[in-house]
Amino acid sequence: MNFYTNDSLLKEILKEKLDDEFFHWADRQLERFGHRCATEIDERARHTDREGQPQLIKYDKYGNDQSKVWVNEGYRRTVEETYGEGIVAHVHREIPALNRKGNYLYSFAQGYLLSQSEPGFYCPVTLTMATAYLLDRYGDDELKQRFLPHVLSTGETELYEGATFLTERQGGSDVGANETEALYVNEDGDGHYRLYGEKYFASNAGMCGVAMVLARIADAQEGTKGLSLFLVPWRTENGELNRLSIRRLKDKLGVKAVPSGEVEFDGAKAYLVGDPSRGFYYMMEALNLSRICNAVASVGIMRRAYTEAKAYAEERSAFGRALSDYPMVQDSLVRLKVKLDAELLTTFELIGSYDQWYNGDSTPEKDGLLRLLIALIKAETADQAIHFSHEAIEMLGGNGYIEDFVTPRLLRDAQVLTVWEGTRNILGLEVLRLMDKFQVHTVFTAYLNEQTADLVKLENETAVEEVKDAISALEEEMAELAGLDAMEKTRYIKPLSKKMVTVLESVMLLKRASAKPDDETALLTAHVYVQDQLLPLFNKKGSGWTQEEGKQILAGTSMEVSKR
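Criteria and thresholds
- Residues numbered from 1 in each chain as written.
- Predicted model: local features only at pLDDT ≥ 70, side-chain atom pairs only at ≥ 80, totals over all residues.
- Heavy atoms only, no water.
- Helix = DSSP H or I, 4+ residues; strand = E, 2+ residues; numbered from the N terminus.
- Rg over C-alpha atoms; globule rule 2.2 N^0.38 Å.
- Buried < 20%, exposed > 50% of the residue type's maximum accessible area, 1.4 Å probe, protein only.
- Areas by Shrake-Rupley, 256 points an atom, 1.4 Å probe, with all protein chains shown as cover.
- Lys, Arg positive; Asp, Glu negative; His and termini not counted.
- Charge placed at Lys NZ, Arg CZ, Asp CG, Glu CD.
- Expected span 1.5 Å × (residues − 1).
- Polar contact = N/O pair within 3.5 Å; in protein donor to acceptor, adjacent residues only side chain to side chain.
- Pairing = 2+ DSSP bridges.
- Salt bridge = Lys/Arg side-chain N within 4 Å of Asp/Glu carboxyl O.
- Domains from an automatic or database assignment.
- Buried area = accessible area lost by both parts, 1.4 Å probe.
- Contact = heavy atoms within 4.5 Å.
- Core = buried A, V, L, I, M, F, W, Y, C linked by side-chain atoms within 4.5 Å.
- 1 Å grid on protein atoms, 1.4 Å probe; cavity = no way out; pocket = protein on both sides within 12 Å on 5 of 7 lines; lining within 4 Å.
- Points joined across faces, edges and corners; volume = space filled by probe spheres on them.
- Nonpolar A, V, L, I, M, F, W, Y, C, P; charged D, E, K, R; others polar.
- Phe/Tyr/Trp six-rings, centres within 6.5 Å; stacked < 30°, edge-to-face > 60°.
- Axes fitted to C-alpha atoms, helices over the stretch in contact; angles between N-to-C directions.
- Parallel < 35°, antiparallel > 145°, perpendicular 65-115°, else oblique.
- Left-handed = near helix turned anticlockwise from the far one by under 90°.

## Comments concerning the overall build of the protein
Reasoning step 1: When helices and strands are tallied, the protein shows 18 helices and 13 strands.
Reasoning step 2: At 24 Å, the protein has a C-alpha radius of gyration in line with the 24 Å of a compact globule built from 564 residues.
Reasoning step 3: In terms of overall dimensions, the protein has C-alpha extents of about 75 × 55 × 45 Å along its principal axes.
Reasoning step 4: Per-residue burial for the protein yields a buried fraction of 58% across its 564 residues.
Reasoning step 5: Total accessible area computed for the protein in this model is approximately 23300 Å², and 47% of it derives from carbon and sulfur atoms.
Reasoning step 6: Positive and negative charge centroids in the protein, built from 66 and 89 side chains respectively, lie 3 Å apart.

## A short note on helix 17 (residues 520-534)
Reasoning step 1: Taking 1.5 Å of rise per residue, the 15 residues of helix 17 would be expected to cover 21 Å, and the 20 Å separating its terminal C-alpha atoms lies within 8% of that figure.
Reasoning step 2: Counting buried positions along helix 17 yields 13 of 15 residues, so the element is predominantly enclosed.
Reasoning step 3: Here helix 17 starts with a cap whose side-chain oxygen sits 3.1 Å from the backbone nitrogen of Thr521, and that cap is Asp519.

## Thoughts on the pairing of strand 7 (residues 190-203)
Reasoning step 1: As paired elements, strand 6 (residues 181-187) and strand 7 share 7 bridges and run antiparallel to each other. Across the sheet, the residue bridging to Tyr184 is Tyr193, located in strand 7.
Reasoning step 2: Where strand 6 hands over to strand 7, the hairpin turn is made up of 2 residues, of which Asp188 adopts a positive phi near 55°.

## Here we look at the pattern of salt bridges
Reasoning step 1: Applying the stated rule across the entire model yields 46 salt bridges.
Reasoning step 2: The closest approach of N and O atoms between Glu308 and Arg304, which form a salt bridge, is 2.9 Å. Residue Glu308 and its partner Arg304 are located together in helix 9 (residues 279-315), separated by 4 residues, close to a single helical turn.
Reasoning step 3: The partner of Glu430 in a salt bridge is Arg433, with the nearest N and O atoms 3.2 Å apart. Residue Glu430 and its partner Arg433 are located together in helix 13 (residues 424-438), separated by 3 residues, close to a single helical turn.
Reasoning step 4: Residue classification places Arg433 among the partly exposed positions, given a relative accessible area of 46%.
Reasoning step 5: Taken together, the salt bridges that share partners define one network made up of Arg169, Glu198, Arg247, Arg248, Lys250, Glu262 and Glu264.

## Description of the pairing of strand 2 (residues 65-70)
Side-chain direction in a regular strand flips from residue to residue, so the side chains alternate between the two faces of the sheet.
Reasoning step 1: With 4 bridges joining them, strand 1 (residues 55-59) and strand 2 adopt antiparallel strand pairing. Note that in strand 2 the partner of Gln55 across the bridge is Trp70.

## Considering the domain arrangement of the protein
Quoted interface sizes are often the accessible area lost when the parts come together.
Reasoning step 1: In terms of domain boundaries, the protein breaks down into domain 1 (8-152), domain 2 (162-277) and domain 3 (439-563).
Reasoning step 2: For the pair domain 1 and domain 2, the summed buried area comes to about 2500 Å², and 70% of that belongs to carbon and sulfur atoms.
Reasoning step 3: Taken together, the connections running from domain 1 to domain 2 amount to 1 salt bridge.
Reasoning step 4: For Glu237, the salt bridge is made with Arg146, and the minimal N-O distance between the two is 3.1 Å.
Reasoning step 5: Seen at the junction of domain 1 and domain 2, the total is 8 residue pairs in polar contact (both at pLDDT 80 or more).
Reasoning step 6: Put simply, the parts of the chain that give the side of domain 1 that touches domain 2 at least two residues each are helix 3 (40-50), strand 1, strand 2, helix 7 (119-138) and helix 8 (141-151).

## Examining the side chain of Gln451
Reasoning step 1: Counting through the fold element by element, Gln451 comes out in helix 14 (residues 440-453).
Reasoning step 2: In this structure, Gln451 is in contact with Val507, Met508 and Lys511, ignoring residues within four places of it in sequence.

## Focus on the nonpolar core
Reasoning step 1: In terms of nonpolar packing, the biggest core is built from 190 residues, with Tyr104, Phe108, Tyr122, Phe165, Phe348, Met435 and Phe444 touching the most fellow members.
Reasoning step 2: When residues of this core are assigned to their parent elements, the largest contribution, 18 residues, is made by helix 9.

## Topic: the layout of surface pockets
Reasoning step 1: In this structure, the largest pocket occupies an estimated 1500 Å³ of space.
Reasoning step 2: Residue lining of the largest pocket: 50 residues in total, with Leu166, Phe280, Met284, Leu287 and Arg291 positioned closest to the centre.
Reasoning step 3: Only helix 7, strand 5 (164-165), strand 7, helix 9, helix 10 (327-358), helix 11 (364-396) and helix 13 provide two or more residues apiece to the lining of the largest pocket.
Reasoning step 4: With 10 residues, helix 9 is the single largest residue contributor to the lining of the largest pocket.
Reasoning step 5: When its residues are assigned to classes, the lining of the largest pocket shows 26 nonpolar, 12 polar and 12 charged.

## Focus: the packing of aromatic side chains
Reasoning step 1: One pass over the full model with this rule turns up 15 aromatic pairs.
Reasoning step 2: With centroids separated by 6.2 Å and ring planes inclined at 50°, the aromatic side chains of Phe147 and Tyr271 adopt a geometry described as tilted. Placement of Phe147 in helix 8 and of Tyr271 in strand 11 (residues 260-272) is noted, with a sequence separation of 124 residues between them.
Reasoning step 3: Owing to a relative accessible area of 3%, Phe147 belongs among the buried residues under this scheme.
Reasoning step 4: Judged by its relative accessible area of 10%, Tyr271 is buried.
Reasoning step 5: Taking the centre distance of 5.1 Å and the plane angle of 65° together, the rings of Tyr193 and Phe230 count as edge-to-face. Taken together, the positions of Tyr193 in strand 7 and Phe230 in strand 9 (residues 227-233) put the pair 37 residues apart, joining distant regions of the chain.

## A closer look at the packing of helix 15 (residues 461-482) against helix 16 (residues 486-515)
Reasoning step 1: Taken N-terminus to C-terminus, the directions of helix 15 and helix 16 make an angle of 155°; their axes are 10 Å apart at the nearest point. Regarding the angle of helix 15 to helix 16, the classification is roughly antiparallel. Here the hand of the crossing between helix 15 and helix 16 comes out left-handed. Residues Ala463, Val464, Val467, Ala470, Ile471, Leu474, Glu477, Met478, Leu481 and Ala482 of helix 15 form the contact with helix 16, whose own contacting residues are Lys489, Tyr492, Ile493, Leu496, Lys499, Met500, Val503, Ser506, Val507 and Leu510.
Reasoning step 2: A class-by-class count of the residues in the contact of helix 15 with helix 16 yields 16 nonpolar, 1 polar and 3 charged.

Quick look at the structure:
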């Protein structure tokens, strides 16, 4: 079993977006990594979830607070192997085999494969990615020389996993209410800060080597504008805890592989990162990166759920026939498949845009559009991860509810992805802010019209016209929303966001079909998506699809069923 070689669409996307040299190298690397993710890493994920969860060892034998987090040996091997693949490092430094830097596209392809095994293994990676981003982009030379080689380690030096600590008990999503305080000290001429306070939901606590922490310098203004960003080493240079401690680890519903705790700072040594007045804005940049990571993890769960559901339907018989022979089962699988294709294409199109932004292709309009796409796609993929997991459990019936199979863990793990990095409510507020600040609704419809204008004449012209009609209707609805008062807007933004992302995904599927005129299945997939997903949102009835068309969509996507 191999998560990479069984995913032809992922390979197609990478071949299109990477140059030949990079693709041929990445193809070999991902084939190896995809096999490990589907076999030994998947087995370690099951063990970690069931018997080998991280544990807090609060005190040593003398009663001293050591706040040590124990993880099992398989977990440690997975950390070593995953970072050794350059999943974080290759974005920021050269790939030795290619003598050039990698990019986020390749990193997220790795994350997509890893998340099919366990998003709880991928979460610490995403936190380390955010830490590397902040340190590389805003740290001074001294900080980068001291810490960045460890954060980017692929085995040549000690690895410092990263973490980003924002949430406090009194504020939650209201980061401006944060109270953790930073006091400047100058000990032995070494000017730095000492942090006092607590962070209430600190993922990768005890495993990270450094954490990026928001705190308020004494006498700074209230709200988010008074927050500064600090790098906090977990331990001092002599190996002792850096005057911090873990109060407890959270007993979570899912993603049990990642230790999430409550962390107290009692004078922890900290180093200011960048402009002290822009800490919140730096962290919001990192949050956008983490939201893409969240979307990638969600699509990974979707893919695994679809894989399990389809393989089981092909293997399992009922009433003398394979489950996959029944039209109702085929229809369920077709709906999952076309939605999965739409989400994967759209997410990796977003990643391509993010790579361009990261490399300097930035204007206010592009920045606003990028943030909008991140918010829309993060919210939709997270919801769909839950839906796909539910559908997989139903396909497996009673077996789907048994922990011998992966499906219960998929559902438990998927649930947190709607919460991490902003709930749908928070993301809806983000969309409204972008509309007010950048008039991003007009930028978005212009982007959609530009994409549809690039389509060559398709055989199935009806789907193109239906999408263009939906764009026009969307423009009218967004204009109406802009005329409402601020509080009333919040009632309508979530259903409107659903329409926005569904139109976007329809366009992405049509673009693929247009670029592959000889691929009847690509065009059929776009047609089915428009009929089944898009038109009902605009109160139109789709024409559906025939059983033979459904079989065509499902053909060539079978995969060995997981025995766990």
